[in-house]
Amino acid sequence: MKRKFVAFDIDGTFFRSHLFWEVALELARKDTLHPKINEEMLELYSAWKRRAHEKAFEEFDYKSILKIKELVTELDPKTYDKYMEKTLQPLLDYVYLYPKKLKEQLQERGYIAIAISGSRIEEVDLFAEYHKFDDWIGQKFHRTKSGDAYTGTIDATWDQKERLL
């Protein structure tokens, strides 16, 4: 049976921030993300928020993502997971009203609502379940069999959303 669907980008479009950044920034503030990125990420974020220069957002976005990808095997997934829910739980309702209402109206009309995000799937799971999306896509950081380390393989979603849909 064919059904209509609607897809919402989460970070910055539905959610008033970025799920991934909120968690990574909280870890950096607690000096637990990674010694090679904690201070730099916070400085880049501050420059963007202060509008220090016209490329401040792009610099924060690009450099923080690139650095995390570079250091992913040195990040502790258990620490990340521990802070994820504590960080995001109070922010789950920080959404833009228009897309939220539109999603609800279209679901009432029988549409399947899909959330797509460049954030980690664990963050997207929490957000999408809370907002009652029917299906969702998020970035996957592969873990070792024991789950206590990242392998270094990342199934990115932020740069191929149209293909994934």
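Above: the structure in question.
A few points on the structure. The structure presented is a predicted model; accordingly, all values stated were derived computationally and were not measured.

Moving on, we come to helix 5 (residues 97-108). Residue pairs three or four apart in sequence face the same way in an α-helix, which turns once every 3.6 residues. With twelve residues, helix 5 extends 17 Å between its outermost C-alpha atoms, agreeing within 8% with the 16 Å of an ideal straight helix rising 1.5 Å per residue. Buried residues along helix 5 sit in contact with strand 1 (5-9) and strand 2 (112-120). Of the residues trailing helix 5, Gly110 is marked for its positive phi of about 95°.

Alternating positions in strand 1 separate cleanly, Val6 and Phe8 being buried on one face and Phe5, Ala7 and Asp9 remaining unburied on the opposite face. Where strand 1 and strand 2 come together, five bridges link them in parallel fashion. Bridging across to strand 2, Ala7 finds its partner in Ile114.

Quick look at the nonpolar core now. By size, the foremost hydrophobic cluster in this structure holds 44 residues, and its most contacted members are Leu33, Ile68, Phe127 and Phe133. Only strand 1, helix 1 (19-29), helix 2 (38-49), helix 3 (56-71), helix 4 (77-88), strand 2, helix 6 (121-130) and strand 4 (150-155) provide two or more residues apiece to this core. Discounting residues that sit within four places of it in the chain, Ile68 has contacts with Phe20, Ala24, Leu33, Ile37, Met41, Leu75 and Phe141.

Cut-off values and rules
- Residues numbered from 1 in each chain as written.
- Predicted model: local features only at pLDDT ≥ 70, side-chain atom pairs only at ≥ 80, totals over all residues.
- Heavy atoms only, no water.
- Helix = DSSP H or I, 4+ residues; strand = E, 2+ residues; numbered from the N terminus.
- Expected span 1.5 Å × (residues − 1).
- Contact = heavy atoms within 4.5 Å.
- Buried < 20%, exposed > 50% of the residue type's maximum accessible area, 1.4 Å probe, protein only.
- Pairing = 2+ DSSP bridges.
- Core = buried A, V, L, I, M, F, W, Y, C linked by side-chain atoms within 4.5 Å.

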